[in-house]
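# Observations on the three-dimensional arrangement
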Amino acid sequence: MKTFLRLTTIVRPYYLWMALAALIGFATTGSGIGLLVTSGYIIAKASLQPPLGALQLGIIGVRVFGIARGVLRYAERVVSHSTTFRILAKLRLWFYDAIEPLAPARLLYFKSGDLLQRVVDDIQSLENIYTRVLAPPFTALLVSTLMWLLLGTYSLQASLLLLFFHLLAGIAIPLIVITLGKGTQSGIMDLKTDQQVLAIDFLQGIGELKLYGKLPAHLAEMQCNEAKMLRLQHKNACIDGLHESLTGLLMNAAVIAILCALVPTLPKAGTNGIYLTVITFAVMASFEPFLSLPASMKNLEVDVRAGNRLFEILDAKPETAAPPEPASFPENHIIRAENLTFTYPGNHIRSLEKISFTVEPGRHIAIVGPSGAGKSTVTSLLMRFWNLPCGQLSIGGKDIGLFDPEEIRRNIALVSQRTYLFAETIRENLLLAKPDASDDELKDALTAAGLGCFTSRLDEWTGQHGMKLSGGERQRIAIARVLLQKAPIVILDEATANLDPITEKEVTGTLAAICRGNTLIAITHRLKAMERYDRIIVLEKGKISEQGSHDELMRKNGTYRRMWELQHSENPGRENDDA
Ligand code: ADP
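Criteria and thresholds
- Along each chain, residues carry numbers from 1 onward, in the same order as the chain's sequence is written.
- Note on the predicted model: pLDDT of at least 70 is required for a residue's local features to be given, and 80 or more for side-chain atom pairs to be given and counted; whole-chain, interface and lining totals, by contrast, use all residues.
- Calculated side-chain values reflect all of the structure's heavy atoms, with hydrogen atoms and water omitted.
- Helix and strand definitions follow DSSP, with helices as H or I runs of at least four residues and strands as E runs of at least two, each counted in order from the N terminus.
- For this measure, only C-alpha atoms enter the radius of gyration; the expected value for a globule follows 2.2 Å times N^0.38, where N is the number of residues.
- Remark: exposure states derive from per-residue accessible area (1.4 Å probe, protein chains only) relative to the maximum for the residue type, with buried under 20%, exposed over 50%, and partly exposed in between.
- Contact definition: two residues touch when any of their heavy atoms are within 4.5 Å.
- One heavy atom suffices: a residue is near a molecule or strand as soon as one of its heavy atoms comes within 4 Å of it.
- For the purposes of these results, a polar contact is taken to be a pair of N or O atoms within 3.5 Å, where, inside protein, one atom must be able to donate a hydrogen and its partner to accept one; residues adjacent in sequence count only when each atom of the pair is a side-chain atom.
- Computed with the Shrake-Rupley method and a 1.4 Å probe, the accessible areas treat only the protein chains shown as cover for residues.
- When residues are sorted by character, Ala, Val, Leu, Ile, Met, Phe, Trp, Tyr, Cys and Pro go into the nonpolar class, Asp, Glu, Lys and Arg into the charged class, and all the rest, Gly among them, into the polar class.
- Using a grid of 1 Å spacing that covers the protein atoms alone, one calls a set of points a cavity when a 1.4 Å probe fits there but cannot get out, and a pocket when the set is open and has protein on both sides within 12 Å along at least five of seven lines; lining residues are those with an atom within 4 Å of a point.
- Grid points are joined across faces, edges and corners, and a volume is the space filled by probe spheres set on the points.
- Pairing between strands is defined by DSSP: at least two bridges between the two strands are required.
- An automatic or database domain assignment provides the domain bounds reported here.
- Joining two parts hides part of their accessible area as seen by a 1.4 Å probe, and the buried area is that hidden amount summed over both.
- All axes here are fitted lines through C-alpha atoms, helices being fitted over the stretch that makes contact, and every angle between N-to-C directions spans 0 to 180 degrees.
- For classification purposes, angles smaller than 35 degrees are called roughly parallel, those larger than 145 roughly antiparallel, those between 65 and 115 roughly perpendicular, and all remaining angles oblique.
- Crossing handedness follows the turn of the near helix against the far one: under a right angle anticlockwise gives a left-handed crossing, and clockwise gives a right-handed one.
- A patch is a set of surface residues, each over 30% in relative accessible area and not in a salt bridge, joined within 9 Å for like charges and within 5 Å for the nonpolar side chains Val, Leu, Ile, Met, Phe, Trp and Tyr.
- When a carboxyl oxygen of Asp or Glu is within 4 Å of a side-chain nitrogen of Lys or Arg, the pair counts as a salt bridge.
- Pairing of aromatic rings covers Phe, Tyr and Trp, the last through its six-membered ring, and needs centres within 6.5 Å; plane angles under 30 degrees mean stacked, over 60 mean edge-to-face, and all others mean tilted.
- In our convention, an over-ring charge means Lys NZ or Arg CZ found within 6 Å of a ring centre and within 35 degrees of that ring's normal.

The secondary structure content of the protein amounts to 19 helices and 10 strands. Relative to a compact globule of 579 residues, whose C-alpha radius of gyration would be 25 Å, the protein shows 35 Å and is clearly more extended. Considering only C-alpha atoms, the protein reaches an extent of 120 × 45 × 45 Å along its principal axes. Among the 579 residues that make up the protein, the fraction classed as buried is 45%. For the protein, long-range pairs separated by at least 24 residues make up 77% of all intrachain contacts whose partners lie at least 6 apart in sequence.

See the structure below:
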């Protein structure tokens, strides 16, 4: 109930549109009843063979109601769809506004298939909250009230009988249908979500599934899900059929009961018989709005579930938010970490423990250490993806929490191990870093990033996830983005880890050239060309074990030296690459 009320507040700005659509909907149903009633009147009256003029009123009625029904149905569709699309646009904006600040920290805990389901299916089901949930009961109530009043003027007894059958059709049958189908709709939705998650895993991991022989098991799981969904859909269809039959049965029962009540009261056949025909048709037509009531209740179940899932995102607090009066990014952007300690939510082991370091502007430092040492966690904290519960991290002497996270991300360029390219053109992928960049700027950035051959291919599609480009080309696009962003601080988080030695050497060289004058933090577990860094910080199990220049650390005979010797003894032929 709470969710439903919350959903109705979202559509509140469209109440006037909804009221207009409901009124037109009511007028459309009323015209349908009027058409049936006037047709019945003409047929019954004509059987008495009156002069043609006596049928004139009925003929006009058929024409008016017939035309009105078509025109009103069209108007109702236009208004209700326009309302639906307004609601859809609002829901989409509302959802994207809510989800954006949650990335990446909070979204780690959602599966991508599940998120996709929320963005597409859940919002889509909510867009119909007016047409499928709110409008049908409203129209049924209006039509019924009108019918009870009209019939009441002719016979109170018939009106009460109609009220009785309408209550059965409007309350009892939907309740039976809902009880029988309880959980069916949400079951279908849950299975759809599971299916989406499996489909995304299938599409993205088809290589691994094939490689490890898990493809048949994965497909079997998808088929099993599909079979469960079919069973639920079959049950749903059976319940729908039952409902239609019961409503039809009630409609006929209502006609017979009302006729039985009225016939004995007729003084004589003839003129009064015409009214009986008219009443019969009117009673039959008045059941039409009840046909959509169970569907409306089922949609309510779906919408409440979709609402709950969307509110879960909406109510999630972003990990980091801008302070009310954010500080401006300082010119002198010295980075200072003091006693940084960090544990990921749900993790018992500290990823960083009391680490302290300083990076002066323009300096190039490397953070090295084995996998899992906490190197990327330093990046995440600097980019303000996570809040810092313990210790101090400041830029230019100001605590990092004083800045708007967006401002930090504008001033710190990040090249990670896997550069994400959107399924767009090269131009669009570059404009991400600087939306107002001119073509010349884009071409200069590409040339400086070592992709001079791409300057004439700005409008070329990069393929899904940039698959039409090689790993080296994708990383070079990331370098071009850094150039366009013109950020004073650059973080390279294992930026060349996925590249072959020759491309790695080329890309590293390009990066070193373009970062001259910038503050650079390079995170790596591979000790290549380490002499070019002013200082190297060695992380082990979340703690700094050593700090110093390459030569100092080599003299120390500690972890760094052991790592360096191990890596270089394994690849003696590649030592020359380091220069
Ligand atoms: P590195 O970059 O040195 O390989 P990370 O900084 O990625 O290491 O990870 C340090 C530790 O934090 C690891 O033990 C890892 O399992 C854990 N960790 C990293 N990201 C998360 C996360 N989102 N949730 C929970 N634990 C995480």
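Now that the structure has been shown, the text picks up again.
Along the chain, the position of D240 falls in helix α9 (residues 215-262). Among the residues examined, D240 registers a relative accessible area of 34% and is labelled partly exposed.

Before going further, it helps to examine the site of the ligand. In the neighbourhood of the ligand, the contacting residues comprise L108, Y344, N347, S351, P370, S371, G372, A373, G374, K375, S376 and T377. A distance of 2.7 Å separates an oxygen atom of the ligand from a polar atom in the backbone of G372. In the model, an oxygen atom of the ligand is placed 2.8 Å from a nitrogen or oxygen of the S376 side chain. Look at the ligand: alone it shows 560 Å² of surface, and the protein chains cover 64% of it. Grouping the amino acids of the shell around the ligand by side-chain chemistry returns four nonpolar, seven polar and one charged.

Moving on, we come to the layout of surface pockets. Reported here for the second largest pocket is a volume of approximately 910 Å³. For the second largest pocket, the lining is made up of 31 residues, of which I99, E100, A103, P104 and L107 are closest to its centre. Elements with a minimum of two residues in the lining of the second largest pocket: α3 (56-99), α4 (112-127), α7 (184-204) and α13 (405-411). Per element, the largest residue contribution to the lining of the second largest pocket is five residues, and it comes from α4.

Strand order in the open sheet formed by four strands is β2-β1-β4-β5, and the pairing between neighbours is antiparallel. At either end of the open sheet lies a strand with only one pairing partner, and these are β2 (352-359) and β5 (398-399). By the bridge criterion, five bridges tie strand β1 (residues 335-342) to strand β4 (residues 390-395) in an arrangement that is antiparallel. Among the inter-strand pairings, I335 is bridged to a residue of β4, identified as I395.

You can read the domains of the protein as domain 1 (2-314) and domain 2 (335-578). Placing a centre on the C-alpha atoms of domain 1 and another on those of domain 2 gives a separation of 55 Å. Taken residue by residue, the interface counts five residues in domain 1 and four residues in domain 2. Regarding the contact of domain 1 and domain 2, the summed buried area is about 420 Å², with carbon and sulfur atoms giving 60% of it.

Turning to the packing of helix α15 (residues 439-448) against helix α16 (residues 471-485), a few remarks are in order. Following both chains from N to C, one finds α15 and α16 inclined at 130 degrees, their axes separated by 8 Å at the closest point. Comparing the axis directions of α15 and α16 gives the class oblique. Between α15 and α16 the crossing geometry is right-handed. Along the contact surface, α15 presents E441, L442, A445, L446 and A448, while α16 presents A480, L483 and L484.

Looking now at a nonpolar patch on the surface. A contiguous nonpolar surface patch, about 270 Å² in accessible area, is contributed by L167, I171 and L175. For L167, the location among the structural elements is in helix α6 (residues 156-180). Judged by its relative accessible area of 41%, L167 is partly exposed.

Bringing the packing of aromatic side chains into the picture now. Under the defined criterion, the tally for this structure stands at 10 aromatic pairs. The interplanar angle of 65 degrees and the centroid separation of 6.3 Å between the aromatic rings of F95 and Y96 together place this pair among those described as edge-to-face. A ring pair is formed by F164 and F165, whose centres lie 5.2 Å apart and whose planes are at 75 degrees; its orientation type is edge-to-face. Under the relative-accessibility criterion, F165 is labelled buried at 9%. Members of the aromatic cluster, connected to one another through ring pairs, are F342, Y344 and W386. The side chain of R6 reaches across the aromatic face of F311, ending 3.9 Å from its centre.

This part takes up the environment of P323. Within the secondary structure, P323 sits in the loop between α11 (293-315) and β1. Note: C-alpha distance between P323 and L402 (79 residues apart in sequence) is 6.2 Å. Beyond its immediate stretch of four places on either side in the chain, P323 contacts G401, L402, F403 and D404.

Let's shift gears to the side chain of N299. For N299, the position within the fold is in helix α11. Residue classification places N299 among the buried residues on the basis of a relative accessible area of 18%. With residues up to four places along the chain from it excluded, the contact list for N299 reads R132 and V133.

Now for the pattern of salt bridges. Tallying each qualifying case throughout the model produces 18 salt bridges. Residue R73 is joined to E76 by a salt bridge in which the shortest nitrogen-to-oxygen separation is 3.7 Å. With R73 and E76 both in helix α3 and three residues apart, the pair spans about one turn of that helix. R73 sits in the partly exposed class, given a relative accessible area of 32%.

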